[in-house]
Amino acid sequence: GTSVVEGCADEHLASCKALHFKLRDLAHTVLWKPRTDFLVLGTRFGAPDDTTTRSIKKHAAGRKLVDVDRHPSHNATTIHFATDAKRDLRFLTHFYTFMRWSRADMGRAARRVARDELRYRREIQCAAAEVIDLLKEKAHGRNWTAIHVRRGDFQFTEAKVDANAVLKAVDSVAQDSLIYVATDERKRDFFAPLAQKYSLVFLDDLATKGSKLQAALLEDPNWAGMVEQLICGAAPVFLGTWWSTFTGYITRIRGYRGLRPSTFYVLPKYRDAFIKTSKPVGGAAWWREWPTGFEDIDDDHRLFAFAREMSGHRHQDWHDAFIK
């Protein structure tokens, strides 16, 4: 009946153990691991055909197949995906590399839901839109570029390149002199080589008094990263950091917007990886986004007659032959 979970009154609710315990108490908790488990959904509406079955098996890449429609959680109104590093319960993966629908049309519908319904709150969207309009104005109708330069405590040292390497990457794709920089590098002097040639803009430069951006950051400074993802997601040209999941979501946004052809990475050997033809290699495949998540998901808008299909299909045979 209260709005605050007992023992969880501080502002950092997401890291509060009391909240986690409450969620586990109220929901059906599952211990699925993306590295070892692969979810198959929708078999109650019809078993996958032979081609889809082979595709699912290849996609699973040796992971255990879990028929969710026959799992004890299948009638639960709320499922809690437990996370616990000590038990290897870590969801460092994309939803589409961890689960598949038994029918392709249902899979497309699910990916549309992820695109159209799972989004940042209105204040974040409006702040980003304001910045994008400002950048368009500064660019005077030309194509500006956004870059994400991951530094900080990034464990993949190969991707922590120096400023001259960033400059070389920008030179290879930039179409104009205006560069928006999203970074966790605290020293702007790091970007001096770029500043000698390009006009650099950082988020802090645009949080002017009375702006939607300033209002958003005053309400919650943690929104800054989400605002920057939306800005970079809309840039005419983008360069990101390989292995960075922050860059990863930017590239998925760009995939949704049809900007895949102008999406690149700073590391030379991966520069064009996003624009090349590719499919998930199997397994968690967390280190980048894949076309499976955003392409060919709008080719079937039919609504499903669930009641009719539930009464007209059986999936026992498929389950016995494939899951067991």
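Above this text you will find the structure in question.
Predicted model, so just to flag it, every value in this text is computed and none were measured. (Residues numbered from 1 in each chain as written. Predicted model: local features only at pLDDT ≥ 70, side-chain atom pairs only at ≥ 80, totals over all residues. Heavy atoms only, no water.)

Can you break down the overall build of the protein residue by residue, with the values?
Across its full length, the protein holds twelve helices and ten strands. Counting only residues that meet the buried cut, the protein has 46% of its 324 residues in that class. Of the contacts made within the protein by residues no fewer than 6 positions apart, 72% connect residues no fewer than 24 positions apart. For the protein, the exposed area adds up to about 18000 Å²; of that, 51% sits on carbon and sulfur atoms. (Helix = DSSP H or I, 4+ residues; strand = E, 2+ residues; numbered from the N terminus. Buried < 20%, exposed > 50% of the residue type's maximum accessible area, 1.4 Å probe, protein only. Contact = heavy atoms within 4.5 Å. Areas by Shrake-Rupley, 256 points an atom, 1.4 Å probe, with all protein chains shown as cover.)

Outline the pairing of strand β6 (residues 145–149), listing residues and values.
With five of five residues buried, β6 lies mostly within the body of the structure. Covered by surrounding structure in β6 are Thr 145, Ile 147 and Val 149 together with Ala 146 and His 148, the residues of both alternating faces. Pairing analysis gives five bridges linking β6 to strand β7 (residues 178–183), with the strands arranged parallel. Of the residues in β7, the one forming a bridge with Ile 147 is Val 181. The parallel pair β6 and β7, bridged by helix α5 (residues 163–173), forms a crossover whose chirality is right-handed. The pairing of β6 with strand β9 (residues 237–240) spans three bridges and is classified as parallel. Bridge assignment links Ile 147 to a residue of β9, and that residue is Leu 239. (Pairing = 2+ DSSP bridges. Right-handed = clockwise from strand over helix to strand, strands pointing away.)

Please provide a residue-by-residue account of the packing of helix α4 (residues 122–139) against helix α8 (residues 212–219), values included.
Where α4 contacts α8, the axes come no closer than 8 Å and their chain directions differ by 145°. As α4 packs across α8, the resulting crossing turns out to be left-handed. For the pair formed by α4 and α8, the contact residues are Glu 123, Cys 126, Ala 127, Glu 130 and Val 131 on the first element and Lys 212, Leu 213, Ala 216 and Glu 219 on the second. Tallied by class, residues from the contact of α4 with α8 come to five nonpolar, no polar and four charged. (Axes fitted to C-alpha atoms, helices over the stretch in contact; angles between N-to-C directions. Left-handed = near helix turned anticlockwise from the far one by under 90°. Nonpolar A, V, L, I, M, F, W, Y, C, P; charged D, E, K, R; others polar.)

Hey, could you go over helix α2 (residues 50–60) for me, with residue numbers and the actual values?
All of the buried residues along α2 are Thr 52, Thr 53, Ile 56, His 59 and Ala 60. Down the axis, α2 shows its buried residues gathered within 125° of arc, on one side only. Facing away from the buried side of α2 by over 90 degrees, the exposed positions are Asp 50, Thr 51, Arg 54, Lys 57 and Lys 58. At the N-terminal boundary of α2, the capping side chain belongs to Asp 49, with an oxygen 3.3 Å from the backbone nitrogen of Thr 51. (Arc of directions from axis to C-beta. Polar contact = N/O pair within 3.5 Å; in protein donor to acceptor, adjacent residues only side chain to side chain.)

So what's going on with the nonpolar core? Residues and values would help.
Counting 30 residues, the largest nonpolar core has Ile 147, Val 166, Val 170, Leu 194, Leu 200 and Leu 239 as the members making the most contacts within it. Secondary structure elements with two or more residues in this core: β6, α5, β7, β8 (199–202), β9 and β10 (263–265). A per-element tally of this core places α5 first, with six residues. (Core = buried A, V, L, I, M, F, W, Y, C linked by side-chain atoms within 4.5 Å.)

So what about the packing of helix α9 (residues 224–234) against helix α10 (residues 245–256)? Which residues, and what values?
Taken N-terminus to C-terminus, the directions of α9 and α10 make an angle of 45°; their axes are 8 Å apart at the nearest point. Our classification of the angle between α9 and α10 gives oblique. Handedness of the α9/α10 crossing: right-handed. Residue-level contacts link Gly 225, Glu 228, Gln 229, Leu 230, Cys 232, Gly 233 and Ala 234 of α9 to Phe 246, Tyr 249, Ile 250, Ile 253 and Arg 254 of α10. For the contact of α9 with α10, the per-class residue count stands at seven nonpolar, three polar and two charged. (Parallel < 35°, antiparallel > 145°, perpendicular 65-115°, else oblique.)

Outline the pattern of salt bridges, listing residues and values.
Note that side chains of opposite charge can pair when their charged atoms are close. Tallied over the full model, the rule gives 17 salt bridges. Its salt-bridge partner being Arg 87, residue Asp 84 comes within 3.1 Å of it at the nearest N-O pair. A relative accessible area of 23% means that Asp 84 is categorised as partly exposed. By relative accessible area, which is 38% here, Arg 87 ends up partly exposed. In this structure, Asp 298 and Arg 115 form a salt bridge, with 2.6 Å as the shortest nitrogen-oxygen distance. Here Asp 298, found in the loop between β10 and α11 (306–312), pairs with Arg 115, found in helix α3 (residues 104–116); they are 183 residues apart in sequence, far enough to count as distant. Relative accessible area serves as the criterion here: at 38%, Asp 298 is assigned to the partly exposed category. (Salt bridge = Lys/Arg side-chain N within 4 Å of Asp/Glu carboxyl O.)

Tell me about α3, residues and numbers included.
In a regular helix each residue adds 1.5 Å, so 13 residues correspond to 18 Å; α3 covers 18 Å between its end C-alpha atoms and thus fits that length. When we look at burial in α3, the residues that qualify are Asp 105, Met 106, Gly 107, Arg 108, Ala 109, Arg 111, Arg 112, Ala 114 and Arg 115. (Expected span 1.5 Å × (residues − 1).)

Which residues make up the environment of Asn 75, and what are the values?
With respect to the helices, strands and loops of the structure, Asn 75 is situated in the loop between β3 (64–67) and β4 (79–81). On the basis of relative accessibility, which here comes to 60%, the residue Asn 75 falls in the exposed class. The spacing of Asn 75 and His 28 is 47 residues in sequence and 9.6 Å in space, taken between C-alpha atoms. At 2.9 Å, the side chain of Asn 75 and the side chain of His 74 are in polar contact.

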